[in-house]
Amino acid sequence: MAPRPLRRLVYRSHAAPGFDRGALLAMMAHARESNAVRRITGLLVHQQGHLLQALEGPEVEIEDLWQTIQRDRRHEAVVLLGDCAISSRWFGDWSMELADGDHLPGRCAGVWTTALAVPLAAVGDLADAEAVLRAFADSPD
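Just so you know, these numbers come straight off a predicted model, no measurement behind them.

(A) Summary view of the overall build of the chain. In terms of helices and strands, the chain carries three helices and six strands. Mapped from its N terminus to its C terminus, the chain presents α and β elements in the order β-α-β-β-α-β-β-β-α. Across the 141 residues of the chain, 45% fall into the buried class. Counting only contacts in the chain whose residues sit at least 6 apart along the sequence, the fraction spanning at least 24 positions is 77%.

(B) Region of interest: the layout of surface pockets. The computed volume of the largest pocket comes to approximately 290 Å³. If you trace the largest pocket, you find 18 residues lining it, with Met-27, Ala-31, Leu-65, Ile-69 and Arg-74 closest to the centre. Taken together, the elements giving at least two residues each to the lining of the largest pocket come down to helix H1 (21-38), strand S3 (50-58) and helix H2 (59-71). Ranked by residues supplied to the lining of the largest pocket, first place goes to H1 with seven residues. Considering only residue class, the lining of the largest pocket consists of nine nonpolar, six polar and three charged.

(C) Expanded view of the nonpolar core. Counting residues in hydrophobic clusters, the biggest one holds 19 residues, and the most contacted among them are Val-45, Leu-52, Phe-91, Val-132 and Leu-133. Breaking this core down by element, the ones donating at least two residues are strand S2 (41-47), S3 and helix H3 (126-133). With three residues, H3 is the largest single contributor of residues to this core. Excluding residues within four positions of it along the chain, Val-45 makes contact with His-50, Leu-51, Leu-52, Ala-99, Leu-116, Leu-120, Val-132 and Leu-133. Counting residues in hydrophobic clusters, the runner-up holds 18 residues, among them Ala-15, Met-27, Ile-40 and Ile-62.

(D) Representation of the packing of aromatic side chains in the model. With the rule as written, the count across this model stands at three aromatic pairs. Pairing Tyr-11 with Trp-66 gives two aromatic rings, centres 5.4 Å apart and planes at 50 degrees, and the pair type is tilted. In this pair, Tyr-11 sits in strand S1 (residues 6-15) while Trp-66 sits in helix H2, placing the two residues 55 residues apart along the sequence. Overall, Tyr-11 belongs to the buried group, its relative accessible area being 0%. Each ring, one from Phe-91 and one from Trp-94, has its centre 5.4 Å from the other, and the planes form 25 degrees; the classification is stacked. The exposure classification of Phe-91 matches that of Trp-94, with both residues buried. Among the aromatic residues, those joined into a cluster by ring pairs are Trp-90, Phe-91 and Trp-94.

(E) How the structure looks around H2. End to end, H2 covers 19 Å across 13 residues, agreeing with the expected 18 Å (1.5 Å per residue, within 8%). Those residues of H2 lying buried are Glu-61, Ile-62, Leu-65, Trp-66 and Ile-69. Projected onto a plane normal to the axis of H2, the buried residues spread over an arc of 135 degrees and lie on a single side. With respect to the buried face of H2, the exposed residues turned more than 90 degrees away are Val-60 and Arg-71.

About the thresholds
- Residues numbered from 1 in each chain as written.
- Predicted model: local features only at pLDDT ≥ 70, side-chain atom pairs only at ≥ 80, totals over all residues.
- Heavy atoms only, no water.
- Helix = DSSP H or I, 4+ residues; strand = E, 2+ residues; numbered from the N terminus.
- Buried < 20%, exposed > 50% of the residue type's maximum accessible area, 1.4 Å probe, protein only.
- Contact = heavy atoms within 4.5 Å.
- 1 Å grid on protein atoms, 1.4 Å probe; cavity = no way out; pocket = protein on both sides within 12 Å on 5 of 7 lines; lining within 4 Å.
- Points joined across faces, edges and corners; volume = space filled by probe spheres on them.
- Nonpolar A, V, L, I, M, F, W, Y, C, P; charged D, E, K, R; others polar.
- Core = buried A, V, L, I, M, F, W, Y, C linked by side-chain atoms within 4.5 Å.
- Phe/Tyr/Trp six-rings, centres within 6.5 Å; stacked < 30°, edge-to-face > 60°.
- Expected span 1.5 Å × (residues − 1).
- Arc of directions from axis to C-beta.

The structure is reproduced here in structure tokens:
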């Protein structure tokens, strides 16, 4: 059986009012479980209510998740920055990881914290997004 084609989708959004750290961590817990089943990997970067996410996985599963994200009321101003076929994953072993730019310079259990290459409020295009995402990638091809 031939491997299924992979896809990487990158988007930015802003957290809706009332979406606090507790809601963020609950969403991440759900995403980790759900994505593991669907063979989706990725990273969610959060900073001052701004969100940047990369999703990787089989085309059909990524499309289904993308449709769900666009309807999710926890996000506002959802903007697709990139969507392409890929031959390898940047976040190969992560069903979903969180890089939380609001909790620097410490590290919370299960949460990356590091200086971001570009403040998320300034991410305007795919090049800006990739500058942030590649800092965390295990395979930044």
